[in-house]
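As a plain string of letters, each chain reads:
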Amino acid sequence: MSKFVDKISNFDRRASPMEDADDISRSGLLVHHPRSPTNTYPPPIKTSNSLSQLFKQVGEAHSDLSSPASSPSTSTFTLELTTPMIHAPFVRDSNPTPFVLSFTDLTYKVKKPNKGSCFPSLRKDPTAISDGAATELSRTKTLLDGISGEAREGEILAVLGASGSGKSTLIDALANRIVKESLQGSVTLNGESVESQLLKGISAYVMQDDLLYPMLTVEETLMFSAEFRLPRSLSSSKKKARVQALIDQLGLRAAANTIIGDEGHRGVSGGERRRVSIGTDIIHDPIVLFLDEPTSGLDSTSAFMVVKVLQRIAQSGSVVVMSVHQPSYRILSLFDRLLFLSRGQTVFYGPPSSLPIYFTEFGSSIPDNENPTEFALDLIRELEGTPDGAKDLVEFNKTWQKRTVTYKPPTTYGEKTTLSLKEAISASISRGKLVSGSTDVSHGSSSSVNKFANPWWVEIGVLMKRSFTNTKRMPELFLIRLGAVLVTGFILATIFWRLDNSPKGVQERLGFFAIAMSTMFYTCADALPVFLQERYIFLRETAYNAYRRSSYVLSNAIVGFPPLVFLSFAFALTTFFAVGLDGGLSGFMFFVAIVLAAFWAASGFVTFLSGVVTHVMLGYPVVVSTLAYFLLFSGFFITRDRIPKYWLWFHYISLVKYPYEAVMQNEFSDPTKCFVRGVQMFDNTPLGALPDFLKLKVLKAIGSSIGVNLNSNTCITTGPDFLQQQAVTDLTKWDCLWITIAWGFLFRILFYISLLLGSKNKRR
C-alpha cells in the first residue's frame with residue numbers, strides 16, 4: 001500500500017510556473033525536496049519563499065556551477081528551501097487559481113409516487129390529513145444530502161459510489177441540470193453564482209451513452225461539432241486545425257477516417273467511440289467539463305486512456321468533474337480529489353493519498369496491495385447493508401473535515417487567492433480558450449457570452465450537410481421507401497387499369513383515390529424512428545446551445561423535401577396514365593402537386609408525433625390508428641352531409657379529406673364529360689338485370705312522364721353532378737392543395753413547440 005501511495009503522491013501534475021521553478025532538473029539542477037516521515041498525516045506543506053529569493057538561490061547555484069573552483073564531479077546540486085512545516089490535507093500554491101468550482105450543502109429531494117394508481121394526481125394517502133408532516137416525509141426520497149466540496153482548474157474531481165449513491169445526480173446538480181426550485185444549496189464559480197446561460201457557454205456535459213451519427217467518420221464528427229460550437233469569425237482552416245489538434249489530443253489519429261459504426265456497420269472501438277463523444281463536447285475548449293461515468297463499459301486499458309485524455313484536458317486549463325464506478329490503480333493515480341457518496345451523503349472527500357490514513361483512523365485499515373477504491377466501495381456496501389447504513393462513516397467524515405481544515409497561505413500585497421469570474425474568463429480567453437466564440441466579458445454576466453456561436457442560417461447549413469452526409473451512406477433507407485411506393489403504385493395501376501367512364505368506373509375511381517391518398521400517409525410512417533433515433537443526440541447538442549431548435553426543425557424539413565419530390569413523381573408516373581385519369585398534362589402536374597402536398601403533410605404529422613412520443617413502439621400504434629381515423633372521416637366511406645354533426649369537426653381535421661377531394665375535383669370538374677348515359681343509370685340497381693331493350697323502354701317512359709326526351713345517348717350525370725352527390729362542393733381543388741400544404745407547416749410548428757417543451761434537459 002505504501003508503494004501505491006508514493007506512486008500517487010509523485011505523479012506528474014500540471015506544471016505551474018512555480019512548479020517549473022521547483023523542478024530545477026529541467027535546467028540542469030536536481031532538487032531534493034525533504035520528505036515527511038513515512039505514515040505521517042496530514043502531509044506537510046511548506047510556505048513558499050518569495051520569487052526573488054528563489055531566483056537568487058537559483059542564480060547562486062549557477063554561479064557556483066560556472067566557478068573554476070568547482071569540482072568537475074560535482075555537476076548536481078541540491079537546492080534546499082527550508083521553510084516552516086504546516087499540516088493540511090490539500091497542497092495549494094499561493095499564486096492565484098483562475099477557476100474554482102465550489103458547491104455547498106447541496107440537497108435534492110424527489111417525491112415518491114404511491115403505488116396502486118396510474119394517475120399521479122390520484123395517488124393520495126388517506127392518512128395525509130392526520131399524519132401531514134410524517135406522510136410528506138415518507139413520500140420523499142433524498143438523492144443528495146448536504147454535499148459540499150470544490151473542483152479546481154487543472155485538477156480532476158472524481159465522484160465515486162455504488163449504483164444509486166447519487167453520482168449522476170450530483171453531476172447534474174453541478175451542471176445546472178436540476179431546476180433551481182428543487183435543488184437546495186449553492187454552486188459557485190470563483191465565489192460567484194453562475195447564471196444558466198453563462199454556464200452553458202463556458203461548460204460542457206458528456207453523457208454516459210455515446211450519442212453519435214453512425215455513418216460519419218471520426219474526423220467528420222468532430223468537424224461538424226466544430227462548425228456548431230466555433231464562431232463563424234474563425235476561418236475554415238483554423239477550425240480544421242483545431243479538429244486535427246483535438247484528434248491528436250484524444251489519441252484518435254489512427255481512427256480519424258473510420259466511421260463511428262453501429263450494430264450493422266463495423267466502426268471504431270468502444271474506447272475510441274467514448275473519446276469521440278468527449279471530443280464533440282470539448283471542441284470549443286470549455287472551462288468546465290462534466291462527465292457522467294465516461295469509463296462505463298470500457299476495458300481497463302481503454303478506460304485509462306480516456307481518463308488520461310481528461311487529465312490532459314484539465315492540465316490545459318479546465319475544471320474536470322466526473323463520476324466513475326470503480327477505477328483501477330492506474331486511473332486512481334490520475335485523480336486529484338475523490339468524493340465518495342453513499343445514499344446521497346458524503347463518506348469521504350479528499351485526495352487519493354488520504355484514503356489509507358482515513359480508513360485507518362476509522363478503524364478499517366486498507367490491506368497492502370489492495371486497490372483503495374475497491375476496499376472503500378466494498379466497505380461502504382457492507383455498511384449500507386446494516387440497519388444504520390453508512391451513518392458512522394458519514395459522521396466520521398464530518399469530524400475529519402473539521403479537523404483537517406484546508407490551509408490557505410497568507411497573501412502578499414493584497415493579492416487575492418482567486419480571480420473574479422470576469423477576470424478569470426478574460427484570462428482564459430487570453431490563453432486561447434474558445435468560450436463559444438465570445439470575446440466580450442466586460443460585464444461578467446450571461447450577456448458576455450454569446451448564446452449561440454453562429455447565426456441560424458449557418459446552423460441550418462451545417463445541419464443539412466451533416467444529415468445529407470449521414471443519409472447518403474445509408475441509401476437502403478430511401479430505396480426501401482421508394483420500393484414501397486413503386487410496389488403500391490404498380491398494384492394500384494394493375495388493379496385499376498384503364499378505368500372507363502361508366503358508373504362502375506366512377507366508383508372504382510373513388511376507391512383508387514381513397515387508397516392512393518391514404519398510401520401517402522402510411523408510407524411516411526417510416527419517418528417516425530428518424531427523430532426518435534436522433535432524439536438524444538439532439539438533446540445533448542441543444543443542451544449547451546450547439547444550435548437553435550428552430551434551425552433543427554427547418555433543416556429537418558429542407559433535407560426531407562427532395563426525397564418527397566422524387567417519390568411523388570414516381571407514384572404519379574406509375575399510376576396516373578395507367579389508371580386513365582383525366583386532365584392531360586395539367587391534370588398530371590396537379591396530381592403530382594397534390595401527391596407531394598400529401599407526402600409533405602404526412603411527413604410533418606409523423607415528425608410531430610416523433611417529438612411527442614418517446615419510443616417507436618408507442619409511436620407506430622398512434623400513427624396507424626390516427627391515419628385510419630383520418631381515412632374514415634375523409635368522405636369516402638360516408639359523405640360530409642351524412643356525417644353526424646357531433647363528428648363533423650373530425651371530418652375537417654382529417655388529413656386525408658383535402659387531398660382526396662382535390663384529386664376528385666381534378667378528375668370530375670369538367671362539365672362536358674359525361675359519366676352516366678341513358679340506360680347506364682340503371683346500373684347497380686335491380687333494373688340493371690333487365691335486357692337492354694326493356695331498359696330503353698323504361699328510360700323513355702320516365703322521360704315522357706317528366707317531359708324530357710331520354711334515349712341511350714342522353715347524358716344523365718356529369719362530373720360536377722357527381723361531385724354534388726359526394727358533397728364535395730365546399731372547397732375548390734386549389735383550396736384543398738393549399739390547406740394540405742398548410743397542414744405540413746402547422747405540424748412542423750407543433751414539432752418545434754414539442755421540442756421547446758420536451759427538451760429542457762433538467763430534472764424537477
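Residues numbered from 1 in each chain as written. Predicted model: local features only at pLDDT ≥ 70, side-chain atom pairs only at ≥ 80, totals over all residues. Heavy atoms only, no water.

## Structural notes on the overall build of the protein chain
Our working rule: Helix and strand assignments follow DSSP, with helices taken as H or I runs no shorter than four residues and strands as E runs no shorter than two, numbered in order from the N terminus. Burial here depends on accessible area, computed with a 1.4 Å probe over protein chains only, as a share of the maximum for the residue type. Under 20% is buried, over 50% is exposed, and the range in between is partly exposed. A contact between two residues is defined here by any heavy atoms of the two lying within 4.5 Å.
When its secondary structure is counted, the protein chain shows 27 helices and 14 strands. Here the protein chain holds 764 residues, and 49% of them are scored as buried. A fraction of 79% describes how many contacts in the protein chain between residues 6 or more apart in sequence connect residues 24 or more apart.

## Description of the layout of surface pockets
Put simply, the test is: Residues are called lining when one of their atoms sits within 4 Å of a cavity or pocket point, these points coming from a 1 Å grid over the protein atoms alone, where a cavity is a set in which a 1.4 Å probe fits but cannot get out and a pocket is an open set with protein on both sides within 12 Å along at least five of seven lines. Grid points are joined across faces, edges and corners, and a volume is the space filled by probe spheres set on the points. Ten residues, namely Ala, Val, Leu, Ile, Met, Phe, Trp, Tyr, Cys and Pro, are considered nonpolar, four, namely Asp, Glu, Lys and Arg, are considered charged, and the remaining ones, Gly among them, are considered polar.
Space inside the second largest pocket adds up to approximately 1600 Å³. Forming the walls of the second largest pocket are 45 residues, and the residues nearest its centre are Thr471, Leu477, Val530, Gln533 and Glu534. Among the secondary structure elements, those contributing two or more residues to the lining of the second largest pocket are helix 16 (456-472), helix 17 (475-495), helix 19 (528-543), helix 20 (549-579) and helix 21 (584-612). The greatest single-element share of the lining of the second largest pocket, amounting to eight residues, is contributed by helix 20. Taken together, the residues of the lining of the second largest pocket sort by class into 23 nonpolar, twelve polar and ten charged.

## What about the pairing of strand 6 (residues 183-189)?
Our working rule: DSSP calls a pair of strands paired once it identifies at least 2 bridges connecting them.
Direction of pairing for strand 3 (residues 100-111) relative to strand 6: antiparallel, over a ladder of six bridges. The residue of strand 6 that forms the bridge with Thr104 is Ser186. In terms of strand pairing, strand 6 meets strand 7 (residues 192-193) through two bridges, oriented antiparallel. Bridge pairing in strand 7 places Thr188 opposite Ser193. Where strand 6 folds back on strand 7, the antiparallel hairpin that results is connected by two residues, among which Asn190 adopts a positive phi of roughly 55°.

## Regarding the confidence of the model for the protein chain
Stated formally: Predictor confidence is given residue by residue as pLDDT, running from a minimum of 0 to a maximum of 100.
For the protein chain, per-residue confidence averages 79 on the pLDDT scale, and 79% of positions sit at 70 or higher. pLDDT under 50 marks residues 116-137. Its contacts with residues more than four places away, or in other chains, come to 13 contacts. Low confidence marks residues 407-416, where pLDDT is under 50. Its contacts with residues over four positions away, or in another chain, come to twelve contacts.

## Some remarks on the packing of helix 19 against helix 22 (residues 616-632)
The line we're drawing: Every axis in this analysis is a line fitted to C-alpha atoms, fitted for helices over the stretch in contact. Angles between the N-to-C directions lie between 0 and 180 degrees. Angle categories: roughly parallel below 35 degrees, roughly antiparallel above 145, roughly perpendicular from 65 to 115, and oblique for all the rest. By the definition used in this description, the sense in which the near helix is turned from the far one sets the handedness, with an anticlockwise turn below a right angle giving left-handed and a clockwise turn giving right-handed.
At a closest axis distance of 10 Å, the pairing of helix 19 and helix 22 adopts a crossing angle of 155°. Comparing their axes, helix 22 and helix 19 come out roughly antiparallel. As helix 19 packs across helix 22, the resulting crossing turns out to be right-handed. Contacts between helix 19 and helix 22 involve Leu528, Pro529 and Leu532 from the first element and Val616, Gly619, Tyr620 and Val623 from the second. Among the residues forming the contact of helix 19 with helix 22, the class breakdown is six nonpolar, one polar and no charged.

## Let's talk about helix 5 (residues 167-174)
With respect to burial, helix 5 is a largely interior element, seven of its eight residues being buried. For helix 5, every residue scored as buried is listed here: Lys167, Thr169, Leu170, Ile171, Asp172, Ala173 and Leu174. One or two positions beyond helix 5, positive phi appears at Asn176, with a value near 60°.

## Details of the sheet that holds strand 7
Taken together, the four strands give an open sheet; going across it, the order is 4-3-6-7, and neighbouring strands pair in antiparallel fashion. Strands at the two margins of the open sheet, each flanked by one partner only, are strand 4 (140-152) and strand 7. Pairing geometry for strand 3 and strand 4, over nine bridges, is antiparallel. Across the sheet, the residue bridging to Phe103 is Gly149, located in strand 4.

## Re helix 10 (residues 300-315)
We count it as follows: Expected helix span is computed as 1.5 Å times (number of residues minus one). For the purposes of these results, a polar contact is taken to be a pair of N or O atoms within 3.5 Å, where, inside protein, one atom must be able to donate a hydrogen and its partner to accept one; residues adjacent in sequence count only when each atom of the pair is a side-chain atom.
For helix 10, which comprises 16 residues, the first-to-last C-alpha distance of 22 Å matches the rise-based estimate of 22 Å (1.5 Å per residue) to within 8%. For helix 10, the complete set of buried residues consists of Ser302, Ala303, Phe304, Val306, Val307, Val309, Leu310, Gln311, Ile313 and Ala314. Packing partners of the buried residues in helix 10 comprise strand 5 (156-161), helix 8 (236-250), helix 9 (270-282), strand 9 (288-291), strand 10 (319-323) and helix 11 (329-332). For helix 10, the capping residue at the N-terminal end is Asp299, with a side-chain oxygen 3.1 Å from the backbone nitrogen of Thr301.

## A short note on the side chain of Ser568
Mapping Ser568 onto the fold places it in helix 20. Reaching out from Ser568, the side chain makes a polar contact with the backbone oxygen of Leu564 at a distance of 2.7 Å. In contact with Ser568, other than residues within four places in its own chain, are Val592, Val595, Leu596 and Phe599.

## A look at empty space enclosed by the protein
Inspection of the entire model under this criterion finds four cavities of 30 Å³ or more. What the largest cavity holds in volume is close to 150 Å³. Together, 16 residues line the largest cavity, and Ser225, Thr280, Arg466, Arg540 and Glu541 are the ones closest to its centre. Looking at the lining of the largest cavity, the elements that each hand over two or more residues are helix 7 (218-229), helix 9 and helix 19. No other element matches helix 7, which puts five residues into the lining of the largest cavity. Residues that form the lining of the largest cavity fall into these classes: eight nonpolar, three polar and five charged.

## Structural notes on the packing of aromatic side chains
Just so we agree on the cut-off: The pairing test for Phe, Tyr and Trp rings, Trp by its six-membered ring, is centres within 6.5 Å, and the orientation test on the planes gives stacked under 30 degrees, edge-to-face over 60, and tilted for anything in between. By definition, being over a ring means that NZ of Lys or CZ of Arg is both within 6 Å of the ring centre and within 35 degrees of the ring normal.
The full count for this structure, using the stated rule, is 38 aromatic pairs. Consider the rings of Phe538 and Tyr547, whose centres lie 6.5 Å apart with planes at 50°: the pair is tilted. According to the relative accessible area criterion, Tyr547 is buried, its value standing at 1%. Between the NZ or CZ atom of Arg177 and the centre of the ring of Tyr205, over which it lies, the distance is 4.0 Å. Its guanidinium or amino end placed over the ring of Tyr658, Lys657 lies 5.3 Å from that ring's centre, counting from NZ or CZ.

## Considering the side chain of Thr221
With respect to the secondary-structure elements, Thr221 resides in helix 7. Within polar-contact distance, the side chain of Thr221 engages the backbone oxygen of Thr217 at 2.8 Å. Excluding residues that lie within four positions of it along the chain, Thr221 makes contacts with Leu212, Leu216, Ile260, Val276 and Thr280.

## Points about the packing of helix 8 against helix 9
One can describe the packing of helix 8 onto helix 9 by two numbers: an axis separation of 11 Å at closest approach and a directional angle of 140°. When the interaxial angle is binned, helix 8 and helix 9 end up oblique. The way helix 8 lies across helix 9 gives a crossing that is right-handed. Across the interface between the two elements, Arg242, Leu246 and Leu250 of helix 8 pack against Arg275, Gly279 and Ile282 of helix 9. Broken down by class, the residue content of the contact of helix 8 with helix 9 amounts to three nonpolar, one polar and two charged.

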